[in-house]
Structure formats: structure tokens, C-alpha cells
Amino acid sequence: QVQLVESGGRLVQAGGSLRLSCAASGFTFSSYAMGWFRQAPGKEREFVASISMNGGSTYYADSVKGRFTISRDNGNKLVYLQMNSLKPEDTAVYYCAASTWGLPRREDDYDYWGQGTQVTVSQ
């Protein structure tokens, strides 16, 4: 069955770093663009970053540009989100998702979603 399983979320202090992982199974990983979204308390889910099928292109939300890096390992069916210089406003449940198209930024363009992993950034 199709699965996306996020891991790596934890409590971290502002200014710290964290690397999230997403393990994919049950579909042809290399045929899907991958993305990260997040949902903070009291807010709707928002786009964070996306990466093309072969990893050659990436796109980031302005709020994380320069701080976060998305990458993928197609051989191991993994996508990562390296988060540096974390801020309290980065606190959210982070979700990975898979899309059959391009460098998607819209939720509706994604076909599969993980269950999420909690990232909490304290002051």
C-alpha cells in the first residue's frame, strides 16, 4: 500500500537545526515530485518546499527560503527537509506529500500524504 512516513520531528530551541525524513513505499517514487507542507496551531496548512522528480529543481516558500533545504534520495525512496535557524513560528506538524506533476505548491496537486511529524521550536 502507498505510504509516506515522516520522522525526525522533536522539540528544538530557536536557532537550532533539525532534519526531517520521509520514507515512501507502495508507488514509483522517482515518478513523483515531492513536497513538504506544515500546519501550525490555529492556521491552515501551508506549502513549505517542493522538489522535482529527479531532484534537479526545488522551490521554497518565502518564509523558509535560505533556511530550509529539501532533498531526495530516489534509490532509497527518501525525501528530506533540512531545517536550520529555526524560529518559533516554524512550530507545526510537518507533512510530506507526493505529486505526479512538476514542482507543485498547491495542496490539490498532491496525491499522497503522510501522517505528519511534530516540530516544536521553543524560545
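Quick caveat: nothing in here was measured; it's all calculated off a predicted structure.

Let us look at the sheet that holds strand β3 (residues 18-25). Read across the sheet, four strands follow the order β1-β3-β8-β7 without closing on themselves; strand pairing throughout is antiparallel. Pairing within the sheet leaves two strands with one partner each, and these edge strands are β1 (3-7) and β7 (68-73). Averaged over neighbouring strand pairs, the angle between their axes works out to 15° when direction is ignored.

This paragraph deals with the environment of Ser 63. By the element assignment, Ser 63 lies in the loop between β6 (58-60) and β7. By relative accessible area, Ser 63 is classed as partly exposed at 39%. Distance in space between the C-alpha atoms of Ser 63 and Glu 89 is 9.6 Å, their sequence separation being 26 residues. At a separation of 3.5 Å, a polar atom in the side chain of Ser 63 contacts the side chain of Arg 38.

What follows concerns the pairing of strand β8 (residues 78-83). Among the six residues in β8, five count as buried, and that is most of the element. Two elements, β3 and β8, share six bridges in a ladder whose sense is antiparallel. Within β8, the residue paired with Cys 22 across the bridge is Val 79.

The tendency in soluble globular proteins is for nonpolar side chains to be buried as a group. In terms of nonpolar packing, the biggest core is built from 34 residues, with Trp 36, Val 79, Leu 81, Met 83 and Tyr 94 touching the most fellow members. For this core, the secondary-structure elements that each account for two or more residues are β3, β4 (33-39), β5 (46-51), β7, β8, β9 (92-99) and β11 (117-122). Among the elements that line this core, the one with the most residues is β9, at five residues. Excluding anything up to four places from it in sequence, Leu 81 contacts Leu 18, Arg 19, Leu 20, Trp 36, Val 48, Ala 49, Phe 68, Thr 69, Ile 70 and Tyr 94.

Counted according to the given criterion, the structure contains nine aromatic pairs. The interplanar angle of 55° and the centroid separation of 6.3 Å between the aromatic rings of Phe 27 and Phe 29 together place this pair among those described as tilted. Per residue, the accessibility class of Phe 27 equals that of Phe 29, and both read buried. On the basis of an interplanar angle of 75° and a centroid distance of 5.6 Å, the ring pair of Phe 37 and Phe 47 is categorised as edge-to-face. In this pair, Phe 37 is assigned in strand β4 and Phe 47 in strand β5, connecting sequence segments ten residues apart. Residues Phe 37 and Phe 47 agree in their burial class; the two are buried. Through a chain of ring-to-ring contacts, three or more aromatic side chains come together here, namely Phe 37, Phe 47, Tyr 59, Tyr 110 and Trp 113. Directly above the ring of Tyr 80 sits Arg 19, whose terminal nitrogen or CZ lies 3.9 Å from the centroid.

Conventions we followed
Residues numbered from 1 in each chain as written. Predicted model: local features only at pLDDT ≥ 70, side-chain atom pairs only at ≥ 80, totals over all residues. Heavy atoms only, no water. Pairing = 2+ DSSP bridges. Helix = DSSP H or I, 4+ residues; strand = E, 2+ residues; numbered from the N terminus. Axes fitted to C-alpha atoms, helices over the stretch in contact; angles between N-to-C directions. Buried < 20%, exposed > 50% of the residue type's maximum accessible area, 1.4 Å probe, protein only. Polar contact = N/O pair within 3.5 Å; in protein donor to acceptor, adjacent residues only side chain to side chain. Core = buried A, V, L, I, M, F, W, Y, C linked by side-chain atoms within 4.5 Å. Contact = heavy atoms within 4.5 Å. Phe/Tyr/Trp six-rings, centres within 6.5 Å; stacked < 30°, edge-to-face > 60°. Lys NZ or Arg CZ within 6 Å of the ring centre and 35° of its normal.

Coordinates in, geometry out; function isn't part of it.
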